[in-house]
Amino acid sequence: MGFMTLSKENRSEEWNFVKETLEKSKFDSFGGGEVSDYPFRSRFQHTTRVMLWASRILCDCLEADYEMLELAIIFHDVGYSKGVNKSHQEEGAKIFEAYQQQKTGGIWDDKEKMQKIAWMIRNHSRKEMLVNGEATPELTLLMEADMLDEEGVLRIVWDAMATGYLGEGGFREALERTLRYWNPNYMPMVTPIATKFFREKQEAVRIYVEQMKYDLGINEMDK
């Protein structure tokens, strides 16, 4: 299986390491453990889509170091393999630090860049850094690509699948789940192209919500 990268470097070894680490831990599914709330959601597959989104928004941060960014993306969620949620960033940075010590040549010999990658992994959930000026170009792209995944149509499908899997109900309950978790005014992006993509995703959910209300006759029944 081939994996996407942002530079011309072959990262199949890193991709496979993260994939195997997550799958062997049994915490690849969102919710984690032997029994997951969302077995249809894979953290590894999410990571591959984050790389895809990063490739789409790179043009707004041409000064970004593609090698540092791609390695930070590959390792950003591997910390979930430790069975943790709130501290997955720190655990992921530790896993990366241990991994990079075994590598030599190219970027692996640049200790400053290794420290910066670990720093990005540790801080990729601190979204306030996007607006307070602390985020580097690489961290900005990582954060934005991370947040672009599973929004828009993927959010709608996720809510529908979760409603069915958890036995919460049918069409109306799936819509109610979306309304419970979706914020139509949310805009975390800072770069122009990521902002454009996110607005399109928000609009897709808005159209779905309005159409579902119409199809189910919710506004009419509530009169």
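Before going into details, it helps to say that this report is about the structure given with it. Computed from a predicted model, the values in this text were never measured in an experiment.

## Brief notes about the state of the cysteines
Okay, step 1: Inspection of the entire model under this criterion finds 0 disulfides.
Okay, step 2: We note that Cys 59 lacks a disulfide partner, and the nearest cysteine sulfur, in Cys 61, lies 9.0 Å from it.

## Description of the packing of aromatic side chains
Centre-to-centre distance and the angle between the planes together describe a pair of aromatic rings.
Okay, step 1: In this structure the tally under the stated criterion is 11 aromatic pairs.
Okay, step 2: What links up through ring pairs into an aromatic cluster is the set Phe 17, Phe 75, Phe 96, Tyr 99 and Trp 108.
Okay, step 3: Taking the ring centre of Tyr 80 as reference, the NZ or CZ of Arg 43 above it sits at 3.4 Å.
Okay, step 4: Sitting over the ring of Phe 197, Lys 196 keeps its end group 5.3 Å from the ring centre.

## Observations concerning a nonpolar patch on the surface
Okay, step 1: On the surface, a nonpolar cluster with roughly 240 Å² of combined accessible area is contributed by Val 153, Val 157 and Met 161.
Okay, step 2: With respect to the element layout, Val 157 can be found in helix α7 (residues 153-165).
Okay, step 3: Accessibility expressed as a relative area gives 38% for Val 157, which makes it partly exposed.

## What about unusual backbone geometry?
Okay, step 1: For Lys 26, which is not glycine, the phi dihedral falls at a positive 70 degrees.
Okay, step 2: Classification of Lys 26 as partly exposed rests on a relative accessible area of 46%.

## Re the packing of helix α4 (residues 88-100) against helix α5 (residues 111-123)
Think of two packed helices as two axes; the pair is described by the angle between the axes and how far apart they sit.
Okay, step 1: At a closest axis distance of 7 Å, the pairing of α4 and α5 adopts a crossing angle of 155 degrees. Classified by the angle their axes make, α4 and α5 are roughly antiparallel. The two elements α4 and α5 cross, and the hand of that crossing is right-handed. In this structure, α4 contributes Gln 89, Glu 90, Gly 92, Ala 93, Lys 94, Phe 96, Glu 97 and Gln 100 to the contact, and α5 contributes Lys 111, Met 114, Ile 117, Ala 118, Ile 121 and Arg 122.
Okay, step 2: Here the residues of the contact of α4 with α5 sort into 6 nonpolar, 3 polar and 5 charged.

## With respect to the packing of helix α3 (residues 66-75) against helix α6 (residues 137-148)
Okay, step 1: Across the interface, α3 lies against α6 with an axial gap of 9 Å and an inter-helix angle of 40 degrees. Relative to α6, the element α3 lies oblique. In this structure, α3 meets α6 at a crossing whose hand is right-handed. Packed against α3, whose contacting residues are Met 68, Leu 69, Ala 72 and Ile 73, the element α6 presents Glu 138, Leu 141 and Leu 142 at the interface.
Okay, step 2: Partitioning the contact of α3 with α6 into residue classes produces 6 nonpolar, no polar and 1 charged.

## Some details on the side chain of Thr 178
Okay, step 1: As for its placement among the helices and strands, Thr 178 is situated in helix α8 (residues 171-181).
Okay, step 2: Taking relative accessible area as the criterion, Thr 178 reaches 0% and is therefore assigned buried.
Okay, step 3: A polar contact is formed between the side chain of Thr 178 and the side chain of Asp 159, at a distance of 2.7 Å.
Okay, step 4: Not counting the four nearest positions on each side in its chain, Thr 178 is found in contact with Asp 159, Val 205, Tyr 208 and Val 209.

## Re the pattern of salt bridges
Okay, step 1: Counted according to the given criterion, the structure contains 19 salt bridges.
Okay, step 2: For Asp 65, the salt bridge goes to Lys 113, with nearest N and O atoms at 2.8 Å. Here Asp 65 is found in the loop between α2 (43-57) and α3, whereas its partner Lys 113 is found in helix α5, with 48 residues between them in sequence.
Okay, step 3: Looking at Asp 65, the relative accessible area reads 19%, which means it is buried.
Okay, step 4: Residue classification places Lys 113 among the partly exposed positions, given a relative accessible area of 26%.
Okay, step 5: The closest approach of N and O atoms between Glu 203 and Arg 206, which form a salt bridge, is 2.6 Å. In this pair, Glu 203 and Arg 206 both sit in helix α9 (residues 192-215), 3 residues apart, roughly one turn of the helix.

## Things to note about the nonpolar core
Okay, step 1: The biggest cluster of nonpolar side chains holds 49 residues, and the ones touching the most others in it are Ile 57, Ile 73, Phe 75, Phe 96, Ile 117, Leu 142 and Leu 148.
Okay, step 2: For this core, the elements supplying multiple residues, two or more each, are α1 (12-25), α2, α3, α4, α5, α6 and α9.
Okay, step 3: Setting aside anything within four residues of it in sequence, one finds Ile 57 in contact with Leu 141, Glu 144, Ala 145, Leu 148, Ile 193, Ala 194 and Phe 197.

Analysis parameters
- Residues numbered from 1 in each chain as written.
- Predicted model: local features only at pLDDT ≥ 70, side-chain atom pairs only at ≥ 80, totals over all residues.
- Heavy atoms only, no water.
- Disulfide = S-S within 2.5 Å.
- Phe/Tyr/Trp six-rings, centres within 6.5 Å; stacked < 30°, edge-to-face > 60°.
- Lys NZ or Arg CZ within 6 Å of the ring centre and 35° of its normal.
- Patch = residues over 30% accessible without salt bridge, like charges linked within 9 Å, V, L, I, M, F, W, Y side chains within 5 Å.
- Areas by Shrake-Rupley, 256 points an atom, 1.4 Å probe, with all protein chains shown as cover.
- Salt bridge = Lys/Arg side-chain N within 4 Å of Asp/Glu carboxyl O.
- Helix = DSSP H or I, 4+ residues; strand = E, 2+ residues; numbered from the N terminus.
- Buried < 20%, exposed > 50% of the residue type's maximum accessible area, 1.4 Å probe, protein only.
- Axes fitted to C-alpha atoms, helices over the stretch in contact; angles between N-to-C directions.
- Parallel < 35°, antiparallel > 145°, perpendicular 65-115°, else oblique.
- Left-handed = near helix turned anticlockwise from the far one by under 90°.
- Contact = heavy atoms within 4.5 Å.
- Nonpolar A, V, L, I, M, F, W, Y, C, P; charged D, E, K, R; others polar.
- Polar contact = N/O pair within 3.5 Å; in protein donor to acceptor, adjacent residues only side chain to side chain.
- Core = buried A, V, L, I, M, F, W, Y, C linked by side-chain atoms within 4.5 Å.

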